[in-house]
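One-letter residues, chain by chain:
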Amino acid sequence: MSSAAPRTTGQDHLWSVDEHLEDILATVRPLEPIELQLLDAQGCVLVEDVTVPVSLPPFDNSSMDGYAVRVADVAGASEEFPAVLEVVGDVAAGQADLLYVGPGQAARIMTGAPLPPGAETVVPVEWTDGGLGEGPVSGMRARALAPEGASGQVRVHRPAEARAHVRAKGSDVKAGDRALEAGTVLGPPQIALLAAIGRGTVRVRPRPRVVVLSTGSELVQPGEELGSGQIYDSNSFALTAAARDAGALAYRVGAVADDAETLRSTIEDQLIRADLLVTTGGVSVGAYDVVKEALSHVGDEDEPGSGVEFRKLAMQPGKPQGFGSIGPDHTPLLALPGNPVSSYVSFELFVRPAIRTLMGLKDVHRPRVRATLTADRALGSPKGRRQFLRGAYADGAVTPVGGTGSHLVAALAQADALIVVPEDVESVEPGAEVEVVLLG
């Protein structure tokens, strides 16, 4: 986080969505890289290219359980006239001392085992009698149960071309190739590749630690009994889940009552484990808007450059917003409104890009597409505000879900997109093309 204080403007200034987001992204900085063990690096972003030190596979090996043979020895083989070869032993995966396969010979070979010297191809066991002297078999008997299978004779019923069923050395990646490039998010396949080329650690930007804190004396933990005038705290759960979905390590703090000193103390306690703080509720103009009361003057001479500015944005839902930094490390803090839809929409527009920026990603935004509006009637929108309506998107069309109320959690649960109505548009007719933010 930059130590510069947030942009200051008059209290009556109406910020645009783009201005507010630009201010956030201009202030938040990617986290410093660290070296992590592979499993600890899952979900993190690489900060350097990774070069392959050893080819994959590192040697020619068999892709089948079968017999390593010379091509000429099985040419013309059939069930009626099988090629009869002497079995000189087994070649198992991980075996260091390899047999030599000479003319008229075969080595029983397992999947992943090195192709022995002298052998040119692999015949699957299903093309042979498995050394039993009868017809084709469906598989090999376990060596522990039938050690004699590694010797004697085998009848091969089909010919094989050169290097059939052989995985060539370097056929996956070659030594010196670039395995992964900087900026890659490490998921299970990428971690598998790193392990396969022998990397035990990797240099990444760590996943941001995001602390989510909701405010309101009316909030009750889910699972507890509601009292008169109380509601369950859904925002902190929604935003913690959203932060994890964005790639962060997110921590949920239980709802804080409407008391400024308690809130300040709670936030100070959380700074030790936060790269980003997110609050929800208490940012409007009411007498109990505790976040605004607690943080409006949090910066002082001991922490120059700190401070949280509360703003009005030209958007619906989510007009009241707060942004700034607090504490000795100037930890960024985003204060979101308390209504569930306002809170979630604000997260998608402002907090998610901040998290992705901390991760060091280049593309921090949700994908946007153009879609045809499917609706029973025209959609109204307040003049001068950018409206974000919940929608369901499919096959190039988007349908509004629920109403415009910022408390409609059930409708939000059915939405996978946000319909964007620009500031200068007051009505959108069915069939019109609209911009859509894809949330899935």
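Going by the structure above, here's the rest.
Okay, so let's go over this structure. Being a predicted model, the structure only gives us computed values, none of them experimental.

All right, on to the environment of P332 then. Mapped onto the elements of the fold, P332 is located in strand β22 (residues 331–336). Each C-alpha atom, one on P332 and one on G307, is 9.5 Å from the other, the two residues being 25 residues apart in sequence.

The subject of this paragraph is the sheet that holds strand β18 (residues 276–280). Sheets are built from strands that pair by backbone hydrogen bonding, the pairs being arranged parallel or antiparallel. Reading across the sheet, the seven strands line up as β1-β19-β21-β22-β18-β14-β17 and stay open at both edges, with mixed pairing between neighbours. Taken across any chain shown, the strands that pair with only one partner, and hence form the sheet edges, are β1 (14–15) and β17 (249–256). As paired strands, strand β19 (residues 307–313) and strand β21 (residues 320–326) are joined by six bridges and run antiparallel to one another. Among the inter-strand pairings, R311 is bridged to a residue of β21, identified as Q321. The sheet strands contacting helix α7 (residues 340–359) are β14 (209–215), β18, β19, β21 and β22, and the helix crosses β22 at an angle near 165°.

We now examine the nonpolar core. Among the nonpolar cores identified, the biggest contains 40 residues, and F350 and I355 are the most heavily contacted of them. Listing elements by their share of this core, those giving two or more residues are α1 (17–27), β14, α4 (235–246), β18, β22, α7 and β27 (417–421). With eleven residues, the single largest contributor to this core is α7. The residues contacting I355, other than those within four sequence positions of it, are P208, V210, A243, A246, A248, L276 and F347.

Turning next to the pairing of β14. With six of seven residues buried, β14 lies mostly within the body of the structure. Where β14 lies against β17, six bridges are found, and the strand directions are parallel. From the neighbouring strand, T215 faces β17, where its bridge partner is V256. Bridge count for β14 against β18 is five bridges, and the pairing is parallel. Considered in β18, the bridge of V211 is made with L277.

This next bit is on the sheet that holds strand β7 (residues 83–91). Across the sheet, five strands lie side by side as β9-β6-β8-β7-β10; this open sheet has mixed pairing. Each edge of the sheet is formed by a strand with only one pairing partner; in this case those strands are β9 (121–124) and β10 (153–156). For this sheet, the mean angle separating the axes of adjacent strands, direction not counted, is 40°. For β7 and β10, the ladder comprises four bridges, and the chain directions are antiparallel. Its bridge partner being in β10, V84 is matched across the sheet by R155.

Applying the stated rule across the entire model yields 17 salt bridges. R311 serves as the salt-bridge partner of D23, at 2.5 Å between the closest nitrogen and oxygen. Of this pair, D23 sits in helix α1 while R311 sits in strand β19, and the two are 288 residues apart along the sequence. Of the charged contacts in the structure, one is a salt bridge between D275 and R209, with a shortest N-O distance of 3.1 Å. Taken together, the residues span a long stretch of sequence, with D275 in the loop between α5 (260–270) and β18 and R209 in strand β14 at a distance of 66 residues. Look at D275 and you get buried, because its relative accessible area is 16%. Its relative accessible area of 27% is what places R209 among the partly exposed residues. Among the charged side chains, a salt-bridge network with shared partners connects D245, E348, R352 and R366.

What counts and what doesn't
Residues numbered from 1 in each chain as written. Predicted model: local features only at pLDDT ≥ 70, side-chain atom pairs only at ≥ 80, totals over all residues. Heavy atoms only, no water. Helix = DSSP H or I, 4+ residues; strand = E, 2+ residues; numbered from the N terminus. Pairing = 2+ DSSP bridges. Contact = heavy atoms within 4.5 Å. Axes fitted to C-alpha atoms, helices over the stretch in contact; angles between N-to-C directions. Core = buried A, V, L, I, M, F, W, Y, C linked by side-chain atoms within 4.5 Å. Buried < 20%, exposed > 50% of the residue type's maximum accessible area, 1.4 Å probe, protein only. Salt bridge = Lys/Arg side-chain N within 4 Å of Asp/Glu carboxyl O.

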